[in-house]
Amino acid sequence: MAESSSQLPPEKKRRMTSQAEFTHDSSCILSEEQFMCSVCLDVLTDPVSTPCGHNFCRTCLTHYWDNTPRCLCPLCKETFTRRPELKINTTLREVVDHFKKKSSLDKPDVLCDACTGVKFMAVKSCLDCAVTFCKSHLEPHNNVPKLKKHKLINPVNNLEDYICQKHERPLELFCREDKMCVCQFCTETDHKTHNTVPIEDESREKKTQLGKTQSEVQKMIQDRLKKIKEIKHSLELGKKSTEKEIADSIEVFTALIRAIERSQAELLQVMEEKQKAAERRAEGLIKDLEQEITDLKRRDTELEQLSHTEDHLHLLQMYPALSSPPHTKNWTDISTDTDLSIKTASTVLSQLQKNLNKKLNLTINIKFGEAVCTELKRSQQYSVDVTLDPDTAHPRLILCNDGKQVSYGDGIQNLPDYPKRFDRYPVVLGTEGFSSGKFYYEVQVKGKTYWDVGVARESINRKGQYTLSPQNGCWIVCLRKGNEYKACAGPTVILFLKEKPQTVGVFVDYEEGLVSFYDVEARSHIYSFTGQSFAEKIYPYFSPFTSVKGTNSAPLIISRIFKT
């Protein structure tokens, strides 16, 4: 009874596993030559092994020994004293069968040229004979000495491509001058003085070059996979940011609704209390009025009786007390509290609205500030190292050696008049331009009363006058007269900033057509150009403006940004 795998000893299980792995993977490691029988020159069929370690088809080896006087190895010629008993190498047969299946998928079917009637599958093509042979018709090439010298290759349908059409000889050499395969006769005629090498040598060299190209292609693939990963990561960050902004917006509006509900409840409570107070006061007034009416009715009855009495003494005695109306309240100046309640409610409502507005403004400002802060942090992830291009700088501008600072000089420098140099306005551009993606940079403007910062397209007019506007190829925010901030949007947009920026951040999304400006220290938004269309490279744009009698002499300084 066969052993189950769970009952096998560990060492035997390990050998079985290794054998299975070898059977599965060997066809990917070994070449066709290692599966070839040296007798029939074809892939092994029912492989058997000789004591010297060589493998042959069982039929080929049996037929060979039947037709030789001595029992020897067809390959190394080692002689055996007695004929070995041949047993099929089952492991090797599995590997060979797997290799044959794989090879049959990779190679097209090639039929024997020598067969008549039903054609058998070819096993080799002879370049000297210019014929493709099956196993049977290839037999003379294995036995006839003259034919053994012929050059055999794996069977191909387009055999004429491997033979020189001019000399009908195998293409065995490669001409490096003419970059073509040639035969031996070609090297004695048209290619006599050319540098020719065996095609095997040229093939090895080309394989080496292809390997290098393949490495470059694989690197390009990896770079693009990395870029896909970065895009997906950026998209995921954007998604999370959007989700947070949505949540923050919901929180703001939820707070708004709750504040309105609370204010409404407070207003209703105040109005109800005022109404109840008015009702209590009215009830007291009515009670007092009813009491006075009762007293007045009693007085009226007494007066009626005295006016008809004949008791003169009683009349004279009561007259002092009844001769004038009783003392009562002056009801002329007394009114109900209805109008007063309405006015009070209106006052309370107005106050509640003011309180509500304060709360909402505070909440919205906080949330808006958080959103801007998040947006700025996201923009800073696209920070680039900007340096100033001296070949674009106006002759009056002074650039530091590191290309990070620019200021207005006292005189005009003697500089080459390059086509890309600005000659009218004190402007300098960044060295590197951008034609895709996103980028961000920061520039310090501390201590200045005039400056221009932004981006400009490559074709901006550098000679003569131009107006700062997107129509003229620049997207600029500027400062004038120390406190006038403007966006040069054509027409100009006046900017009302709570604080004076010390460092300005500039973010560009090329595909989205977006240019945004930020006050870095205040973490606040300054201005955005949206819906723009960029059709060429755009460059960072700087102008420290002019300096008059020492004013506005501070430089513009490009900040070094450390990503977090």
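Residues numbered from 1 in each chain as written. Predicted model: local features only at pLDDT ≥ 70, side-chain atom pairs only at ≥ 80, totals over all residues. Heavy atoms only, no water.

## Section: the overall build of the protein chain
The number of helices and strands found in the protein chain is 8 helices and 21 strands. Out of the 564 residues in the protein chain, the part that is buried amounts to 31%. The long-range fraction of contacts in the protein chain, counting pairs at least 24 apart against all pairs at least 6 apart in sequence, stands at 57%. Total accessible area on the protein chain is roughly 36300 Å²; 54% of this is exposed by carbon and sulfur atoms. (Helix = DSSP H or I, 4+ residues; strand = E, 2+ residues; numbered from the N terminus. Buried < 20%, exposed > 50% of the residue type's maximum accessible area, 1.4 Å probe, protein only. Contact = heavy atoms within 4.5 Å. Areas by Shrake-Rupley, 256 points an atom, 1.4 Å probe, with all protein chains shown as cover.)

## Quick look at a nonpolar patch on the surface
Where nonpolar side chains cluster on the molecular surface, the patch consists of Val217, Met220, Ile221, Leu225 and Ile228 and spans about 420 Å² of accessible area. Here Ile221 is to be found in helix 6 (residues 199-307). (Patch = residues over 30% accessible without salt bridge, like charges linked within 9 Å, V, L, I, M, F, W, Y side chains within 5 Å. Salt bridge = Lys/Arg side-chain N within 4 Å of Asp/Glu carboxyl O.)

## Here we look at the packing of aromatic side chains
One pass over the full model with this rule turns up 13 aromatic pairs. Relative to Phe534, the ring of Tyr510 has its centre 5.3 Å away and its plane inclined at 45°; by these criteria the two rings are tilted. Of this pair, Tyr510 sits in the loop between strand 17 (503-509) and strand 18 (514-519) while Phe534 sits in the loop between strand 19 (524-529) and strand 20 (538-543); the two residues are 24 residues apart in sequence, bridging distant segments of the chain. Residues Tyr510 and Phe534 agree in their burial class; the two are buried. Pairwise contacts between aromatic rings join Trp475, Tyr510 and Phe534 into one cluster. Lying across the ring of Phe185, Arg169 places its NZ or CZ 6.0 Å from the centre. (Phe/Tyr/Trp six-rings, centres within 6.5 Å; stacked < 30°, edge-to-face > 60°. Lys NZ or Arg CZ within 6 Å of the ring centre and 35° of its normal.)

## What to know about the sheet that holds strand 3 (residues 122-126)
Pairing between sheet strands relies on hydrogen bonds along the backbone, with the strands arranged either parallel or antiparallel. If you walk across this open sheet you meet the 3 strands as 4-3-5, and the pairing is antiparallel. The open sheet is flanked by strand 4 (131-134) and strand 5 (152-153), the only strands paired with a single partner. Pairing between strand 3 and strand 5: 2 bridges, direction antiparallel. Paired with Cys126 across the two strands is Leu152, which belongs to strand 5. (Pairing = 2+ DSSP bridges.)

## Things to note about the nonpolar core
Nonpolar side chains in soluble globular proteins tend to be buried together. Counting 36 residues, the largest nonpolar core has Trp451, Val515 and Phe542 as the members making the most contacts within it. For Val515, the residues in contact, after removing those within four places along its chain, are Val455, Trp475, Val506, Phe507, Val508, Tyr527, Ser528, Phe529 and Phe534. Leu61, Trp65, Cys71 and Cys73 belong to the second-largest nonpolar core, a separate cluster that totals 18 residues. (Core = buried A, V, L, I, M, F, W, Y, C linked by side-chain atoms within 4.5 Å.)

## Here we look at the pairing of strand 12 (residues 438-444)
Taken across its 7 residues, strand 12 has 5 buried, putting it largely inside the fold. Sheet analysis places strand 12 next to strand 17, joined by 7 bridges and oriented antiparallel. Note that in strand 17 the partner of Val443 across the bridge is Val504. Strand direction decides the pairing type here: strand 12 and strand 21 (residues 556-558), joined by 2 bridges, are antiparallel. Each residue of the ladder has a partner; that of Val443, found in strand 21, is Ile558.

## What about helix 6?
The first and last C-alpha atoms of helix 6 sit 156 Å apart over 109 residues, in line with the 162 Å expected at 1.5 Å per residue. If you check which residues of helix 6 are buried, you get Glu202, Ser241, Asp248, Val252, Ala259, Ser263, Leu267, Ala278, Leu285, Glu292, Arg299 and Leu306. (Expected span 1.5 Å × (residues − 1).)

## A look at the pairing of strand 14 (residues 474-480)
Burial of strand 14 is extensive: 7 of the 7 residues sit out of reach of the surface. The alternating pattern of strand 14 places Cys474, Ile476, Cys478 and Arg480 and Trp475, Val477 and Leu479 on opposite faces, both of which are buried. Inspection of the sheet shows strand 13 (residues 451-457) paired to strand 14 by 6 bridges, in the antiparallel sense. Within strand 14, the position partnered with Val453 by the bridge is Val477. Pairing between strand 14 and strand 15 (residues 484-487): 4 bridges, direction antiparallel. Bridge pairing in strand 15 places Leu479 opposite Tyr485. Between the end of strand 14 and the start of strand 15, which pair antiparallel, lie 3 residues, with Lys481 showing a positive phi angle near 55°.

## Things to note about the environment of Leu159
Along the polypeptide, Leu159 turns up in the loop between strand 5 and strand 6 (173-175). Separated by 28 residues in sequence, Leu159 and Val131 place their C-alpha atoms 7.7 Å apart. Among all residues touching Leu159, those that are not within four sequence positions of it are Ser125, Cys126, Leu127, Ala130, Val131, Thr132 and Ile153.

## Quick word on helix 2 (residues 58-66)
Of all the positions in helix 2, only Cys60, Leu61 and Trp65 are classed as buried. Summarising the axial view, the buried residues of helix 2 lie within an arc of 125°, below the 170-degree limit, and thus occupy one face. Of the exposed residues in helix 2, the ones pointing more than 90 degrees away from its buried face are Thr59, His63 and Asp66. Contacts from the buried residues of helix 2 go to strand 1 (47-49) and strand 2 (55-57). (Arc of directions from axis to C-beta.)

## Some remarks on the sheet that holds strand 16 (residues 493-495)
Ordered by their spatial adjacency, 6 strands build an open sheet running 11-20-13-14-15-16, and the pairing between neighbours is antiparallel. The open sheet is flanked by strand 11 (428-429) and strand 16, the only strands paired with a single partner. One ladder, built from 6 bridges, connects strand 13 with strand 20; its direction is antiparallel. Residue Arg457 lies in a different strand from strand 20, and its bridge partner there is Ile538.

## Some details on the environment of Ser203
Within the secondary structure, Ser203 is located in helix 6. Taking the relative accessible area as the measure of exposure, Ser203 reaches 32% and is therefore partly exposed. In this structure, the C-alpha to C-alpha distance between Ser203 and Phe174, residues 29 residues apart in sequence, is 9.1 Å.

## Observations regarding the confidence of the model for the protein chain
Looking at the protein chain as a whole, the pLDDT averages 83, with 85% of positions reaching at least 70. Scored below 50 in pLDDT, residues 10-29 shows 16 contacts in the model against residues more than four places distant or in partner chains. (pLDDT = per-residue confidence, 0-100.)

## Concerning the environment of Ser543
Along the chain, Ser543 turns up in strand 20. Spatially, the C-alpha atoms of Ser543 and Trp451 are 5.7 Å apart, while their sequence positions differ by 92 residues. Once residues lying within four places of it in the same chain are set aside, the contact partners of Ser543 are Pro426, Val427, Trp451, Asp452 and Leu556.

## Some remarks on the pattern of salt bridges
By the definition in use, this model includes 18 salt bridges. The salt bridge partner of Arg169 is Asp128, with a shortest N-O separation of 3.5 Å. Of the two residues, Arg169 sits in the loop between strand 5 and strand 6 while Asp128 sits in the loop between strand 3 and strand 4, which places them 41 residues apart along the sequence. On the basis of relative accessible area, Arg169 is assigned to the partly exposed category, the value being 33%. Overall, Asp128 belongs to the partly exposed group, its relative accessible area being 25%. With a shortest N-O distance of 3.0 Å, Asp295 and Arg298 are connected by a salt bridge. Of this pair, Asp295 and Arg298 both sit in helix 6, separated by 3 residues, roughly a single helical turn. Judged by its relative accessible area of 47%, Arg298 is partly exposed. Beyond isolated ion pairs, a larger network of salt bridges with shared partners links Arg176, Glu202, Glu205 and Lys206.

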